[in-house]
Amino acid sequence: HFLGYDRHALRDSYRRHGYLRADVESVAIIYRGKSSAEVRFHVVEGPHARVDAIDFEGLSATDEEKIRSAIPLEAGGFFDFPAVEASHAAIDSFYAERGNVIADTRDSVEVSGDNVRVRFRIDPGPLALLRTTIVEGTRTTKPGFVSREVVLRPGEVLARSRLLESQQRIYDSGLYNDVQFSTSEIDPATRETD
């Protein structure tokens, strides 16, 4: 059972990294005495798939150019699923930095032979502005000890880097060991959130 699992895990690892037709054709067991054995997996990698094209839906030409330069995937390069995941995360970070805190990115992969077409469908959502900061969960300190470390002010864009800077400042105060941010619904008229 363990060898069967290992065989599938090995095959799946190759496929995840772009060898889409990889297979483990056989497993040989060579006994080396009563309590040891050597296991040999015969792997056929097959060709490494290439990225034929990367398509984007739902964003401007300017944003597309910026995102293409920020993601690890590139047309003509080798394909692997971790690069798709890293590209997805880079797109989310791009919009979070601009204040699109509820941006929705969906990816799909279309395989044709040894070529792969990757598509990202992006809904940036509204730009979010800070209405007010609400502090919850403090027991022995006053909420003011937290809010004074928040570098964002009402009316400013909720940029990810500014939220992370605020979080680090709260940690650096030495008063707290768990700091989490969450947002309320974004008001469609004012684009503000708490």
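It should be noted that the structure appears before, not after, this text.
None of these values were measured; they are calculated from a predicted model. (Residues numbered from 1 in each chain as written. Predicted model: local features only at pLDDT ≥ 70, side-chain atom pairs only at ≥ 80, totals over all residues. Heavy atoms only, no water.)

### Notes on the side chain of His88
Topologically, His88 is positioned in helix 3 (residues 81-98). Separated by 3.1 Å, the side chain of His88 and the backbone oxygen of Thr105 make a polar contact. Each residue touching His88, except ones within four places of it in the same chain, is listed here: Thr105, Arg106, Asp107 and Phe120. (Helix = DSSP H or I, 4+ residues; strand = E, 2+ residues; numbered from the N terminus. Polar contact = N/O pair within 3.5 Å; in protein donor to acceptor, adjacent residues only side chain to side chain. Contact = heavy atoms within 4.5 Å.)

### Points about the side chain of Ser87
With respect to the element layout, Ser87 can be found in helix 3. A residue is classified by how much of its surface remains accessible, and Ser87, at 0% relative accessible area, is buried. Among the polar contacts made by the side chain of Ser87, one reaches the main-chain carbonyl oxygen of Ala83 at a distance of 2.8 Å. Discounting chain neighbours no more than four positions away, the residues touching Ser87 are Ile71, Pro72, Leu73 and Phe120. (Buried < 20%, exposed > 50% of the residue type's maximum accessible area, 1.4 Å probe, protein only.)

### Considering the layout of surface pockets
Each pocket or cavity is described by its volume, and for the largest pocket that value is around 680 Å³. For the largest pocket, the lining is made up of 25 residues, of which Ile134, Val135, Glu136, Gln180 and Phe181 are closest to its centre. Its residues assigned to classes, the lining of the largest pocket shows 12 nonpolar, 10 polar and 3 charged. Of the pockets and cavities examined, the second largest pocket occupies roughly 240 Å³. Around the second largest pocket sit 14 residues that line it, and Ala96, Val101, Leu158, Arg160 and Leu163 are the ones nearest its centre. (1 Å grid on protein atoms, 1.4 Å probe; cavity = no way out; pocket = protein on both sides within 12 Å on 5 of 7 lines; lining within 4 Å. Points joined across faces, edges and corners; volume = space filled by probe spheres on them. Nonpolar A, V, L, I, M, F, W, Y, C, P; charged D, E, K, R; others polar.)

### Section: the environment of Val157
Relative to the assigned elements, Val157 resides in the loop between helix 4 (143-147) and helix 5 (160-172). Judged by its relative accessible area of 31%, Val157 falls in the partly exposed class. Separated by 35 residues in sequence, Val157 and Glu192 have C-alpha atoms that sit 9.1 Å apart.

### Structural notes on the nonpolar core
In globular proteins that are soluble, nonpolar side chains generally tend to be buried together. One finds Phe56, Ile67, Leu73, Ile91, Phe120 and Ile122 to be the most contacted residues of the largest nonpolar core, which totals 18 residues. Mapped by element, the contributors of at least two residues to this core are strand 3 (50-57), helix 3 and strand 5 (115-123). Here the element with the most residues in this core is helix 3; it accounts for 5 residues. With sequence-adjacent residues up to four places away left out, Phe56 is seen in contact with Glu64, Ile67, Arg68, Ile71, Ile91, Phe120 and Ile122. Counting 10 residues, the second largest nonpolar core, distinct from the first, contains Leu130, Val146, Leu152 and Ile186. (Core = buried A, V, L, I, M, F, W, Y, C linked by side-chain atoms within 4.5 Å.)

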